[in-house]
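Results of the structural survey
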Amino acid sequence: MSTAIYPGTFDPIHNGHIDIATRAARLFDHLTVAIYARPLKSLLFTVEERREMIEKALGHIPNISVATYQQLTVEFARQIGAQAIVRGLRVISDFELEFQMALTNKKLAPEIEFVCLMTSQEYAFLSASTVKEIAMLQGCVNNMVPPHVAQALRAKFARPGNQEENQIRLVSLRD
Ligand code: ADP
């Protein structure tokens, strides 16, 4: 059975992630969307909130499951018996980082393959940071995320005295 993981922070999941996960699920018998719980970047949503949003967005695809992890990505892949790690590529700058990560991970776990899927054209400039910035400024994100994620973003930024808006980085295509 071919098994892959699709790791990321998914803070929050958006249509670009959903597109990659949906397409990867057609290539492998099973795909685990793996939420990295301890990234070196500030987060808007808790790991449980991110998990719930992903489950709701991808729950209709029977060969996708969702998990969280805190160790090295390749260690997590090994732990669940995955043979491949799926990543999405947007603009050229993604390539440099993904290439570096792939080569480093290959040293750590030579048996695991890296599979990069090109973004679909309409999502080429979509990132979680962009979505958060637009939502923070009360803009409409309806064509970037599923309705339940748009609702969660509105709820986060509607709270009076919400400090979180000061903690997220504002401009980034790569986060
Ligand atoms: P983001 O950069 O949106 O915060 P993550 O850091 O969670 O996403 O990244 C998870 C994976 O999804 C990475 O491989 C990233 O390159 C990929 N990805 C993110 N946004 C897109 C997109 N719009 N199209 C294709 N892949 C994407």
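Now for a description of the structure that goes with this document. (Residues numbered from 1 in each chain as written. Predicted model: local features only at pLDDT ≥ 70, side-chain atom pairs only at ≥ 80, totals over all residues. Heavy atoms only, no water.)

Scanning the chain from N- to C-terminus turns up six helices and five strands. In sequence order, the chain lays out its α and β elements as β-α-β-α-β-α-β-α-β-α-α. A separation threshold of at least 6 residues defines the contact pool for the chain, and within that pool the share at least 24 residues apart is 78%. (Helix = DSSP H or I, 4+ residues; strand = E, 2+ residues; numbered from the N terminus. Contact = heavy atoms within 4.5 Å.)

Here we come to the pattern of salt bridges. Applying the stated criterion across every chain yields a total of nine salt bridges. A salt bridge links Lys156 to Glu49; the nearest nitrogen and oxygen atoms lie 3.3 Å apart. Of the two residues, Lys156 sits in helix α6 (residues 147–158) while Glu49 sits in helix α2 (residues 47–58), which places them 107 residues apart along the sequence. Using a relative accessible area of 26% as the deciding quantity, one classes Glu49 as partly exposed. Each of Glu75, Arg78 and Glu111 takes part in salt bridges that share partners, so that together they form one network. (Salt bridge = Lys/Arg side-chain N within 4 Å of Asp/Glu carboxyl O. Buried < 20%, exposed > 50% of the residue type's maximum accessible area, 1.4 Å probe, protein only.)

Time to look at the sheet that holds strand β2 (residues 30–36). To summarise the sheet geometry, strands pair through backbone hydrogen bonds and adopt either a parallel or an antiparallel arrangement. As summarised here, the arrangement of the five strands in space is β3-β2-β1-β4-β5, forming an open sheet in which the pairing is parallel. Looking at which strands have only one partner, the edges of the open sheet turn out to be β3 (64–69) and β5 (113–118). Sheet twist, expressed as the average angle between the axes of neighbouring strands with direction ignored, equals 30°. Seen against the sheet, helix α4 (residues 92–108) touches β4 (84–89) and β5 and runs at an angle of roughly 170° to β4. (Pairing = 2+ DSSP bridges. Axes fitted to C-alpha atoms, helices over the stretch in contact; angles between N-to-C directions.)

Direction of pairing for β4 relative to β5: parallel, over a ladder of six bridges. When the bridges of β5 are listed, Ala84 appears paired with Glu113.

Another aspect to go through is the packing of α2 against α6. The interhelical angle for the contact between α2 and α6, taken along N-to-C directions, is 155°, at an axis separation of 10 Å. Compared by their axis directions, α2 and α6 come out roughly antiparallel. Contacts between α2 and α6 involve Glu49, Met53, Lys56 and Ala57 from the former and His148, Val149, Ala152 and Lys156 from the latter. The residue makeup of the contact of α2 with α6, split by class, is four nonpolar, one polar and three charged. (Parallel < 35°, antiparallel > 145°, perpendicular 65-115°, else oblique. Nonpolar A, V, L, I, M, F, W, Y, C, P; charged D, E, K, R; others polar.)

Right, let's talk about a nonpolar patch on the surface for a bit. Together, Phe95, Phe99 and Leu103 make up a nonpolar patch on the protein surface, roughly 310 Å² of accessible area in all. Phe99 gets classed as partly exposed once you look at its relative accessible area, which sits at 44%. (Patch = residues over 30% accessible without salt bridge, like charges linked within 9 Å, V, L, I, M, F, W, Y side chains within 5 Å. Areas by Shrake-Rupley, 256 points an atom, 1.4 Å probe, with all protein chains shown as cover.)

This brings us to unusual backbone geometry. The linkage connecting Asp11 with the following residue, Pro12, adopts the cis geometry, with an omega of 0°. Phi at Gln138 takes a positive value of approximately 65°, unusual for a residue other than glycine. Tracing the backbone through its elements, the reader meets Gln138 in the loop between α5 (128–136) and α6.

Leu31, Leu58, Val86 and Leu153 are the most contacted members of the largest nonpolar core, which has 37 residues in total. For this core, the secondary-structure elements that each account for two or more residues are β1 (3–8), α1 (15–27), β2, α2, β3, β4, α5 and α6. No other element matches the five residues that α1 contributes to this core. Those residues in contact with Leu58 that sit more than four places away from it in its chain are Ile13, Ile18, Ala21, Thr22, Val33 and Ile64. Ile5, Ala67, Tyr69 and Ile85 belong to the second-largest nonpolar core, a separate cluster that totals 11 residues. (Core = buried A, V, L, I, M, F, W, Y, C linked by side-chain atoms within 4.5 Å.)

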